[in-house]
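Listed here are the chains, written in short residue letters.
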Amino acid sequence: MQKLRRVGFDPVELTAVVVTHTHPDHIYGLPALIQCLLILGRKAPLPVYCRVEHVVLVKRLLGLFGLFDEGLEVPIMPVVPREGVRVLAAPDLVVTASPNVHG
């Protein structure tokens, strides 16, 4: 939240989150982000995109903090990890998959 605000971006305006992999330094902030968005009054769903094999882990992490029961819809969107698969698209940005080995 602080880093988004430092660059002048309102976190409530997020349209999606992409979880690249489930190392703690890449996913541990997700529950805090969602909790803060709830406190700020966000109502729009916040889709979270992650590899298909990480869907259960992401759901468990958010469930651990009871974040599915707080009123903010957080659909977990599975992504097949194949080169060039479109993850999401916005008017000025397209995100595609490019799997790699990251120990």
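What comes next concerns the included structure.

Basis of the calculations
Residues numbered from 1 in each chain as written. Predicted model: local features only at pLDDT ≥ 70, side-chain atom pairs only at ≥ 80, totals over all residues. Heavy atoms only, no water. 1 Å grid on protein atoms, 1.4 Å probe; cavity = no way out; pocket = protein on both sides within 12 Å on 5 of 7 lines; lining within 4 Å. Points joined across faces, edges and corners; volume = space filled by probe spheres on them. Helix = DSSP H or I, 4+ residues; strand = E, 2+ residues; numbered from the N terminus. Nonpolar A, V, L, I, M, F, W, Y, C, P; charged D, E, K, R; others polar.

### A few points about the layout of surface pockets
If you add up the space inside the largest pocket, you get close to 800 Å³. Lining the largest pocket are 25 residues; nearest its centre among them are L4, L14, V17, G29 and L33. Only α1 (2-6), β1 (17-18), α2 (24-27), α3 (30-39) and β4 (86-90) provide two or more residues apiece to the lining of the largest pocket. Within the lining of the largest pocket, the residues separate by chemical class into 17 nonpolar, five polar and three charged. Of the volumes computed, that of the second largest pocket is approximately 380 Å³. Where the lining of the second largest pocket is concerned, the elements lending two or more residues are β2 (48-51) and β5 (93-96). In terms of residue count, the dominant contributor to the lining of the second largest pocket is β2 (three residues). Considered class by class, the residues forming the lining of the second largest pocket number ten nonpolar, eight polar and one charged.

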